[in-house]
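# Secondary and tertiary structure notes
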Amino acid sequence: MLKLLPSIDRYILRLVIYPMLGVFALAASLLLLDKMLRLFDFVAVEGGPISVVFKMLGALIPEYASLAIPLGLLLGILLAFRKLAISSELDVLRAVGMGYGRLLRVPYAITLVLVAVNIALVFYIQPVSRYYYEQMEYELRSGALGASIKVGEFTTLKDRMALRIEESEDEGRRLKGIFARVANERDQVLSISAREGSFMATSDSPDTIILRLTDGTIVQDTGSRTPRVLSFTRHDLPIDLPTIEEFRERGDAEREYILPELLRIGWSDTEPIEVRAASQASFNFRLVEIVMMLLMPLLAVALAVPPKRSTSALGVFVSIIMVVSYHKVNQYGEDIASLGRVDPVLALWGPFVLFAALIVWMYWRVAHVPGGQAIGALETAAAKGGKAIKKLFKRRHSRQFVTPEAAPAE
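Calculation criteria
- Residues numbered from 1 in each chain as written.
- Predicted model: local features only at pLDDT ≥ 70, side-chain atom pairs only at ≥ 80, totals over all residues.
- Heavy atoms only, no water.
- Core = buried A, V, L, I, M, F, W, Y, C linked by side-chain atoms within 4.5 Å.
- Buried < 20%, exposed > 50% of the residue type's maximum accessible area, 1.4 Å probe, protein only.
- Helix = DSSP H or I, 4+ residues; strand = E, 2+ residues; numbered from the N terminus.
- Contact = heavy atoms within 4.5 Å.
- Phe/Tyr/Trp six-rings, centres within 6.5 Å; stacked < 30°, edge-to-face > 60°.
- Patch = residues over 30% accessible without salt bridge, like charges linked within 9 Å, V, L, I, M, F, W, Y side chains within 5 Å.
- Areas by Shrake-Rupley, 256 points an atom, 1.4 Å probe, with all protein chains shown as cover.
- Salt bridge = Lys/Arg side-chain N within 4 Å of Asp/Glu carboxyl O.
- Lys, Arg positive; Asp, Glu negative; His and termini not counted.
- Charge placed at Lys NZ, Arg CZ, Asp CG, Glu CD.

To continue, consider the nonpolar core. Ranked by size, the top nonpolar core spans 68 residues in total, and within it Phe81, Tyr100 and Leu299 carry the most contacts. Per-element tally for this core: the top contributor is helix 2 (residues 51-86), with 13 residues. Other than its neighbours up to four places away in sequence, Leu299 contacts Leu74, Met322, Val323, Ile359 and Met362. Formed by 15 residues, the second largest nonpolar core is a distinct cluster that contains Ile178, Ala180, Leu211 and Ile218.

In structure tokens form, the structure reads like this:
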């Protein structure tokens, strides 16, 4: 398939694809690592199994991929054209009659493929995976995924039982130094202490487990002056597990709706105005983020070409700032549109038109104005600032090595 492409297209494809995949992997990894640290803390506090952390991270991959794909596309094309510009290959290609429109064929082919992937992620896969993530978080809080009894701390079970364990061995299979306090509905209290114990499952009642205690004492307080004391060699203490409510259905938030549901709810006359506004805002937010991807190649080319005889990488930083800032503006527009304060079309497509006009102007400056620069003023200011900083450090460096004049002899 690649052999059917002209040599210049194959060359540009190699220049674009490797940086794009690298940026995508780096951006997605950074987002996942940041979330992983918080999930480990959350799971540790809730006492759940560590394996659930990786399941929750897997459910977040579609959400982070929808953010990393546009960024990887932008920087992949930008770094490819920057390499062509710095090595003077871009000047040679343009001299033989290849304009930017011809050179952007392969980047736009890649863009269309990634737009299709992002449509599937944003409108179908991401809402379902987000609901799955919320479901696992709920089950972790409720104890459906399992919870651990922390050593050295009191754990309350069913509001009428408090349990404390001094030591845990063999991955929790062998417990030592057990104390339990159990109260019934008649305010009678059992204080139980045992040397060892272990948890055992029951086949007839899945909502009950057995705490088998060995070598201990039971003190029963019935309200009389003299409590009853009983020593035992082995005693089975049944523990009722808390009842876990079924998790809600998908659709509690508009970000959990897939595309057909957004269209049905957002433009339905039977739904409340608030629900319709939130659905329309979510639909327009997802759509405008996808359409903006079609302008990423133009923005990449506009910021990739540095001034002549310069290797400045200012365009790389400007591109990241522009894309992140635009994404935050869209999030703010979605929030105010979902509250019904502003029409979703105005709140989300208004910034898109302004940003698109800026990108087209920047591309036109680079592609059709001889010697034109999209961020020429910033490049000049950055160059002057860099020279000033170099002079300042050079002056300080020279002062440190100036030898003091010899003192006059007396």
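The next point concerns the environment of Leu287. Position of Leu287 among the secondary structure elements: in helix 7 (residues 273-292). Judged by relative accessible area, Leu287 falls into the partly exposed class, the value being 28%. Sequence separation between Leu287 and Leu348 is 61 residues, and the spatial gap between their C-alpha atoms is 9.5 Å.

A few words on the packing of aromatic side chains. Counted under the stated rule, the structure contains six aromatic pairs. Consider the rings of Tyr100 and Tyr363, whose centres lie 6.3 Å apart with planes at 70°: the pair is edge-to-face. With a gap of 263 residues between them, Tyr100 in helix 4 (residues 100-103) and Tyr363 in helix 10 (residues 344-368) connect regions that are remote in the sequence. The class of Tyr100 is buried, set by a relative accessible area of 5%. Here Trp267 and Phe283 contribute two aromatic rings whose centre-to-centre distance is 5.6 Å and whose plane-to-plane angle is 90°, an arrangement assigned as edge-to-face. Of the two residues, Trp267 sits in the loop between helix 6 (259-266) and helix 7 while Phe283 sits in helix 7, which places them 16 residues apart along the sequence. With a relative accessible area of 47%, Trp267 lands in the partly exposed category.

To continue, consider a positive patch on the surface. Among the surface-exposed residues, Lys384, Lys387, Lys390, Lys391 and Arg395 lie close enough to one another that they form a single positively charged patch. The exposure class of Lys384 is exposed, given its relative accessible area of 59%.

As a further point, take a nonpolar patch on the surface. Where nonpolar side chains cluster on the molecular surface, the patch consists of Leu358, Trp361 and Trp364 and spans about 320 Å² of accessible area. Structurally, Trp361 is set in helix 10. What makes Trp361 partly exposed here is its relative accessible area of 44%.

Right, let's talk about unusual backbone geometry for a bit. Unusually for a residue other than glycine, Ser88 sits at a positive phi of about 65°. For Ser88, the position within the fold is in the loop between helix 2 and helix 3 (89-95). Residue classification places Ser88 among the partly exposed residues on the basis of a relative accessible area of 38%. If you check the backbone angles, Asp215 has positive phi at about 55° while not being a glycine.

Geometry only, nothing functional implied.
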